[in-house]
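Here's the letter readout for the chains.
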Amino acid sequence: TSVMSITEIASKTKDKSRVVGTHFWNPPYLIPLVEVVKAEETSEKTMDLTMELLTKVKKKPVRCEKDVPGFIANRLQHAIWREALSIVEKGIADPKTVDDALKYGPGLRWSVLGILENADMIGLDLSLSIQSYIVKYLEDSHEPSKLLQELVAKGDLGFKTGKGYQTWTKEEMDALNLKLREHLIEATKKLD
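Attention in this report is confined to the structure presented alongside it. All values reported here derive from a predicted model rather than from experimental measurement. (Residues numbered from 1 in each chain as written. Predicted model: local features only at pLDDT ≥ 70, side-chain atom pairs only at ≥ 80, totals over all residues. Heavy atoms only, no water.)

## Focus: the side chain of H23
Okay, so step 1: By the element assignment, H23 lies in strand β1 (residues 20–24).
Okay, so step 2: Judged by its relative accessible area of 8%, H23 is buried.
Okay, so step 3: Side chain to side chain, H23 and W25 meet in a polar contact 3.4 Å long.
Okay, so step 4: One polar contact links H23 to E35, side chain to side chain, over a distance of 2.7 Å.
Okay, so step 5: Ignoring any residue separated from it by four or fewer positions in sequence, one finds H23 in contact with T1, S2, L33, V34, E35, F71 and N74. (Helix = DSSP H or I, 4+ residues; strand = E, 2+ residues; numbered from the N terminus. Buried < 20%, exposed > 50% of the residue type's maximum accessible area, 1.4 Å probe, protein only. Polar contact = N/O pair within 3.5 Å; in protein donor to acceptor, adjacent residues only side chain to side chain. Contact = heavy atoms within 4.5 Å.)

This is the structure in structure tokens:
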């Protein structure tokens, strides 16, 4: 459902007020986030009932007030991907360095301190000053990365083929998958 229009799905129904999107994140048994997406005619009652149900089953529902492509979290994720790929394409850093910069920098704090909470913490005046300087230098392309297109055209599909932005052995892939699941299990134990 991460790119499907909930409003378009609702258009095929008799009672559009009862249609709501629930976008679970993978792996759903470990990631608590569920985006609750309001279609054009979704009622507040439907939104509220869905939020309550998801909360009861120990999920972390968030309201997406408009049915837009990518909803909330995928839009954020793809903005980061776009910049990460631009950094690699422009020779600023290699893929592993980009990943390390995220994992050992902002990624460490994001599960505790959201990006807008961080802006409040440092002060919006400082945040404005930083934004005024840096945004003109950020990637703003509206097409998929040329590097990504080239890799896919060559058949380098990441874990599916053992080669993507980096080369992977089966043991490395298994170890990273295990590390991710173990991390998610520990991280979700600490969540409110």
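## Topic: the sheet that holds strand β3 (residues 60–64)
Strands pair in a sheet through their backbones, by hydrogen bonds, and they do so in one of two ways: parallel or antiparallel.
Okay, so step 1: If you walk across this open sheet you meet the three strands as β1-β2-β3, and the pairing is mixed. The two strands at the open ends of the sheet, each matched to only one other strand, are β1 and β3. Sheet twist, expressed as the mean angle between neighbouring strand axes with direction ignored, is 25 degrees.
Okay, so step 2: Strand direction decides the pairing type here: strand β2 (residues 33–38) and β3, joined by five bridges, are parallel. Pairing of L33 across the sheet is with K60, part of β3.
Okay, so step 3: Along the sheet face, helix α2 (residues 44–56) touches β1, β2 and β3 and points at about 160 degrees away from the line of β3. (Pairing = 2+ DSSP bridges. Axes fitted to C-alpha atoms, helices over the stretch in contact; angles between N-to-C directions.)

## Regarding the nonpolar core
Okay, so step 1: Core analysis: the largest hydrophobic core is formed by seven residues, namely I6, A10, V19, V37, A39, C64 and F71.
Okay, so step 2: Those residues in contact with V19 that lie beyond four places of it in its chain are I6, A10, T13, A39 and T42.
Okay, so step 3: The next biggest cluster of nonpolar side chains, apart from the first, holds six residues, and it includes A84, L85, V88 and L147. (Core = buried A, V, L, I, M, F, W, Y, C linked by side-chain atoms within 4.5 Å.)

## Some remarks on α2
Okay, so step 1: Across its 13 residues, α2 extends 18 Å between first and last C-alpha, which sits within 8% of the 18 Å expected from 1.5 Å per residue.
Okay, so step 2: Here α2 has its buried residues at T46, M47, T50, M51 and L54. For α2, the angular spread of the buried residues around the axis is 130 degrees, confining them to a single face. Relative to its buried face, α2 has exposed residues pointing more than 90 degrees away, namely K45, L53 and K56. (Expected span 1.5 Å × (residues − 1). Arc of directions from axis to C-beta.)

## Considering the pattern of salt bridges
Okay, so step 1: Counted under the stated rule, the structure contains ten salt bridges.
Okay, so step 2: Across the salt bridge formed by K90 and E139, the nearest N and O atoms sit 3.4 Å from each other. Of the two residues, K90 is situated in the loop between α3 (73–89) and α4 (95–103) and E139 in the loop between α7 (124–134) and α8 (146–154); the sequence distance between them amounts to 49 residues.
Okay, so step 3: Look at K90 and you get exposed, because its relative accessible area is 55%.
Okay, so step 4: Between K96 and D100 there is a salt bridge; the shortest N-O distance is 2.8 Å. Note that K96 and D100 are positioned in helix α4 at a spacing of four residues, about one turn of the helix.
Okay, so step 5: Taken together, the shared-partner salt bridges connect K38, E44, D48, R63 and E65 into one network. (Salt bridge = Lys/Arg side-chain N within 4 Å of Asp/Glu carboxyl O.)

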